[in-house]
Amino acid sequence: MRLATWNVNSVRARTDRIVDWMQRTGTDVLAMQETKCKDEQFPTERFEELGYEVAHVGLSQWNGVAIVSRVGLEDVQVGFEDQPGFSKDPEISPALEARAIGATCGGVRVWSLYVPNGRDLNDPHYAYKLDWLAKLRADAQAWLSADPDQQIALVGDWNVAPTDDDVWDPAFFEGKTHTSQPERDAFHAFADAGFTDVVRPHAPGRGVYTYWDYTQLRFPKKQGMRIDFVLGSPAFAARVTGAEIDRNERKGKGASDHAPVIVDLADEPA
């Protein structure tokens, strides 16, 4: 089975590109982030025509996550159990954003995740980001504790570069989000909970990125960040036979600012 995650940065703007890529690469399950549309605006028919089932949650032109699968799509869950909401006004109750959706695909519990950006170290969104990651980590640990043999994949745009090797210039990011120690600690806490970065062993070294800003010629200058991940439970990680970041999909007109991250899984024993 081939599973991928991709922050598509507007599914409606890139439907043709996404569909072509899925057909060309033989992707069985694709988790998408930043779909930037309401549920009724999602191009469901384009995927269904190719034999994929679709699960999506989108509330506005911001955020939005989806899972499309041709190996089954069962037990769809919008948001994880303790997912926090956000409000920049303390007098207004926090609202749950379209940042997480889960479904079981081909025996794997897949979660498409769009972790909050954080914006600035002094912004309320930064505290929200840390809380969001802490709550996800607690829930994920509980899922694994309940069934240690469960195949779980936490995939998506984490908006965290966990090591200095994951950014083009650590000094550039000093005092900014994505590389602060609390964010990195929150990310590494998933390893303590039993989840493994299954892509890194197959894509080692510096200069391996998943995101390049549209400005300042960041992509041709190779000035990127690795912020899109597939974290797997032990049972999921044991099935991984290969992984890659499709940097070529960041090229050309109309590309997302993120590249797809792909994981290949061995067939389960009959």
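Just above, that's the structure.
About the criteria used
- Residues numbered from 1 in each chain as written.
- Predicted model: local features only at pLDDT ≥ 70, side-chain atom pairs only at ≥ 80, totals over all residues.
- Heavy atoms only, no water.
- Helix = DSSP H or I, 4+ residues; strand = E, 2+ residues; numbered from the N terminus.
- Rg over C-alpha atoms; globule rule 2.2 N^0.38 Å.
- Buried < 20%, exposed > 50% of the residue type's maximum accessible area, 1.4 Å probe, protein only.
- Contact = heavy atoms within 4.5 Å.
- Areas by Shrake-Rupley, 256 points an atom, 1.4 Å probe, with all protein chains shown as cover.
- Lys, Arg positive; Asp, Glu negative; His and termini not counted.
- Charge placed at Lys NZ, Arg CZ, Asp CG, Glu CD.
- Pairing = 2+ DSSP bridges.

Looking at this model, I keep getting lost on the overall build of the protein chain. Mind explaining?
Tallying secondary structure elements over the protein chain gives 5 helices and 12 strands in all. Relative to the 2.2 N^0.38 estimate, which gives 18 Å for 270 residues, the radius of gyration of the protein chain is 17 Å and therefore close to what a compact globule would have. Counting only C-alpha atoms, the protein chain reaches 50 × 45 × 40 Å along its principal axes. Considering the protein chain as a whole, with its 270 residues, one finds that 55% of them fall into the buried category. Across the protein chain, contacts joining residues at least 24 apart in sequence account for 71% of those joining residues at least 6 apart. Just so you have it, the protein chain exposes about 11600 Å², and 48% of that area is on carbon and sulfur atoms. Distance between charge centres in the protein chain, computed from 29 positive and 42 negative side chains, equals 8 Å.

Explain the pairing of strand β4 (residues 65–69) to me, please; I cannot follow it from the model alone.
Within a regular beta strand, the side chains point alternately toward one face of the sheet and then the other, so they alternate between its two faces. Burial within β4 is extensive, with 5 of its 5 residues counted as buried. Residues Val65, Ile67 and Ser69 point to one face of β4 and Ala66 and Val68 to the other, with burial holding for every one of them. When strand β2 (residues 29–33) meets β4, the two strands line up antiparallel, connected through 5 bridges. Each residue of the ladder has a partner; that of Val29, found in β4, is Ser69. With 5 bridges connecting them, strand β3 (residues 53–57) and β4 associate as antiparallel partners. Bridged to His56 within β4 is Ala66.

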